[in-house]
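One letter stands for each residue in the lines below.
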Amino acid sequence: MTDDAADTDPEPASRRAWYLRGVRATFSIPGFILTSAFVGFAGLAREAGLTLAEAVFMTGVVWALPANVVLVGAILSGSSLAAAAFAVALSSVRLMPMVVALVPEMRGSRTPRWVLYALSHFVAVTSWVLAMENLRHVPREMRTSYYAGLGSTLVLTNMVVVAIVFLIAGSLPPAASAALLLLTPMYFLTSLWGSAREQAGHVAMLIGIVLGPAFHAIIPGFDLLAAGLVGGFAAYGFHRLRRGRA
Amino acid sequence: MTFDAIDTWWWPFLFILVAGWLATDAWRFLGVYLGGRISENSDILVLVRTIATALVAAVIGNLIVFPSGALADTSLVLRLAAAGVGFLAYLGLGKKVIVGIVVAELLLIMGILLGF
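Procedures and definitions
- Residues numbered from 1 in each chain as written.
- Chains lettered and ligands numbered in written order.
- Predicted model: local features only at pLDDT ≥ 70, side-chain atom pairs only at ≥ 80, totals over all residues.
- Heavy atoms only, no water.
- pLDDT = per-residue confidence, 0-100.
- Helix = DSSP H or I, 4+ residues; strand = E, 2+ residues; numbered from the N terminus.
- Buried < 20%, exposed > 50% of the residue type's maximum accessible area, 1.4 Å probe, protein only.
- Domains from an automatic or database assignment.
- Contact = heavy atoms within 4.5 Å.
- Buried area = accessible area lost by both parts, 1.4 Å probe.
- Polar contact = N/O pair within 3.5 Å; in protein donor to acceptor, adjacent residues only side chain to side chain.
- Salt bridge = Lys/Arg side-chain N within 4 Å of Asp/Glu carboxyl O.
- Nonpolar A, V, L, I, M, F, W, Y, C, P; charged D, E, K, R; others polar.
- Phe/Tyr/Trp six-rings, centres within 6.5 Å; stacked < 30°, edge-to-face > 60°.
- Lys NZ or Arg CZ within 6 Å of the ring centre and 35° of its normal.

*Asks:* Could you give me a rundown of the confidence of the model for chain B, with the residues and numbers involved?
*Replies:* Any residue range with low pLDDT should be treated as having predicted coordinates unsuitable for detailed reading. Mean pLDDT for chain B: 91, with 95% of residues reaching 70 or above. When pLDDT is averaged over each helix and strand of chain B, the minimum, 89, is found for helix H2 (residues 43-65) of chain B and the maximum, 97, for helix H3 (residues 76-92) of chain B.

*Asks:* Lay out helix H3 (residues 52-62) of chain A with the relevant residues and their values.
*Replies:* Residue and element names in this part refer to chain A. The buried count for H3 comes to eight of 11 residues, which makes it a mostly enclosed element. Residues Glu-54, Ala-55, Val-56, Met-58, Thr-59, Gly-60, Val-61 and Val-62 constitute the buried set of H3. Downstream of H3 by one or two residues, Trp-63 has phi in the positive range, about 70°.

*Asks:* Help me get a handle on unusual backbone geometry, residues and values and all.
*Replies:* The backbone of Trp63(A) sits at a positive phi, close to 70°, despite the residue not being glycine. Its place among the elements puts Trp63(A) in the loop between H3 and helix H4 (65-76). Phi is positive for Lys95(B), close to 50°, though the residue is something other than glycine. Position of Lys95(B) among the secondary structure elements: in the loop between H3 and helix H4 (97-113). Taking the relative accessible area as the measure of exposure, Lys95(B) reaches 46% and is therefore partly exposed.

*Asks:* A description of the domain arrangement of chain A should follow, citing residues and the corresponding values.
*Replies:* Residue and element names in this part refer to chain A. Domain parsing of chain A yields domain 1 (10-181) and domain 2 (196-246). Relative to domain 2, the C-alpha centre of domain 1 lies at a distance of 26 Å. The partner domain 2 presents eight residues to the nine residues of domain 1 that form the contact. Between domain 1 and domain 2, roughly 600 Å² of surface is buried when both sides are summed, and carbon and sulfur atoms account for 79% of that area.

*Asks:* With reference to specific residues and values, describe the side chain of His121(A).
*Replies:* Tracing the sequence through the fold places His121(A) in the loop between helix H7 (113-120) and helix H8 (125-134). Under the relative-accessibility criterion, His121(A) is labelled buried at 14%. Looking at His121(A), its side chain comes within polar contact range of the main-chain oxygen of Gly60(A), at 2.8 Å. In this view, His121(A) contacts Gly60(A), Val61(A), Trp63(A), Trp21(B), Asp25(B) and Arg28(B); residues no more than four positions away in its chain are not counted.

*Asks:* How would you summarise the domain arrangement of chain B if you had to cite specific residues and measurements?
*Replies:* Under the domain assignment, chain B is made up of domain 1 (8-38), domain 2 (41-66) and domain 3 (74-116). The straight-line distance from the C-alpha centre of domain 1 of chain B to that of domain 3 of chain B is 35 Å.

*Asks:* Describe the pattern of salt bridges, naming the residues involved and giving the relevant values.
*Replies:* Enumeration according to the criterion identifies two salt bridges over all chains in this entry. In this structure, Glu198(A) and Arg49(B) form a salt bridge, with 3.0 Å as the shortest nitrogen-oxygen distance. Here Arg49(B) lies in helix H2 and Glu198(A) lies in the loop between helix H10 (174-195) and helix H11 (199-218), a pairing that spans two chains. Taking the shortest distance from any N to any O, the salt bridge between Arg28(B) and Asp25(B) comes out at 2.5 Å. Taken as a pair, Arg28(B) and Asp25(B) lie in helix H1 (residues 10-34) at a separation of three residues, close to a single helical turn. Each member of the pair Arg28(B) and Asp25(B) is classed as buried.

*Asks:* How would you sum up the environment of Phe15(B)? Please name residues and give values.
*Replies:* Positionally, Phe15(B) belongs in helix H1. Taking C-alpha positions, Phe15(B) is 41 Å from Leu93(B), a pair spaced 78 residues apart along the chain. With near-sequence residues (within four places) excluded, Phe15(B) lies in contact with Leu71(A), Ile75(A), Ser79(A), Ser80(A), Leu81(A), Ala84(A), Met1(B), Thr2(B), Phe3(B) and Gly20(B).

*Asks:* Break down the interface of chain A and chain B for me, citing the residues and quoting the values.
*Replies:* In this assembly, 90 residues from chain A lie in contact with 71 residues from chain B. Between chain A and chain B lies a buried interface of about 7,200 Å² when both sides are counted; carbon and sulfur atoms form 78% of it. At the boundary of chain A and chain B, one finds one salt bridge. Linking chain A with chain B are 14 residue pairs in polar contact (both at pLDDT 80 or more). Sort the elements by how many residues they give to the side of chain A that touches chain B and H10(A) lands first, with 19 residues. Residues that form the side of chain A that touches chain B fall into these classes: 61 nonpolar, 20 polar and nine charged.

*Asks:* Tell me about the packing of aromatic side chains, and name the residues and values.
*Replies:* In this description, an aromatic ring pair is defined by two values, namely the gap between the centres and the angle between the planes. Applying the stated rule across the entire model yields 11 aromatic pairs over all chains. Ring centres of Trp193(A) and Phe87(B) lie 5.3 Å apart, and the angle between their planes is 80°; this geometry places the pair in the edge-to-face category. Of the two residues, Trp193(A) is situated in helix H10 and Phe87(B) in helix H3; the pairing between them involves two chains. With relative accessibility at 14%, the residue Trp193(A) sits in the buried group. Judged by its relative accessible area of 15%, Phe87(B) falls in the buried class. By the ring-pair criterion, three or more aromatic residues cluster together here, those being Phe38(A), Phe41(A) and Trp63(A). A cation over an aromatic ring shows up here: Arg21(A) above the ring of Trp18(A), its NZ or CZ 4.2 Å from the ring centre. Just above the ring of Phe166(A) sits the side chain of Arg46(A); from NZ or CZ to the centre is 5.8 Å.

Have a look at this one:
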């Protein structure tokens, strides 16, 4: 023990304890629902022609499920690399304000920048919701350890789940296999509706869900981009109009 | 350059890295960089959310209307009915995600077994 003990990093044992509490926080209803959504994603990735390694790799490096699903959707409709990247980027802009909101909650007085950059990779809807709920009950200097436990466990668990489902999916009877492929659209149909913060979100959903297949028939390869931009701007216009009148 | 454009083991991984990892983590890193400098309620973020929502909704629409694999062997009417009734059940029964999923799945499986 040196004189400036109070200034140095907290005990490693304490860090580990908070990391483990973060791990435990993943065993929750949101964590369970996310895992069942990744079960659906694994079936989808398999049908899109991805290999097991590619599907697990995609889960780990992309992580946010909507971005994963948009990427597989782009692969399915034969998009070029540029069009796929653009569609995924457009579907993921919202990660930026989520991180912006999370960083001040998570940062300790002496947290290095690189730790925040590394931890930001775990940000997706589920870990973000769990963190925003729980972080305030965690001592400030321990919050990065807690979120590291929470985020890494969610990512690793779902990578394993994707691998297992990928292996099983081939031997399922046709009815079960079809049911597996309906999981992803149903998950997003309901969760997207529920998470919309303003009515414009519902308008965007209705337009997008109709324009997606319509554009797919006319301009495959650019269907997602076109539907996203047209639906997004139309819904935004609706938002401005309503606010103007109110 | 599509996903199957180059027949090597590394091309799909490069495709995933550029179109997947870079296209998502760039936003996360920008969020760290900006720190607490943007308000969640600013108007531009409404547009960000509506575009993202419409994009994911377009994927949902495609997955239901133009599915792949075993789901492609079912009729469009059955898929639309299962998804539609599932969604109505979600809306009517307390907006629980799990309710919508279970109702839609049950209808789909019943429909397949009954030969629709």
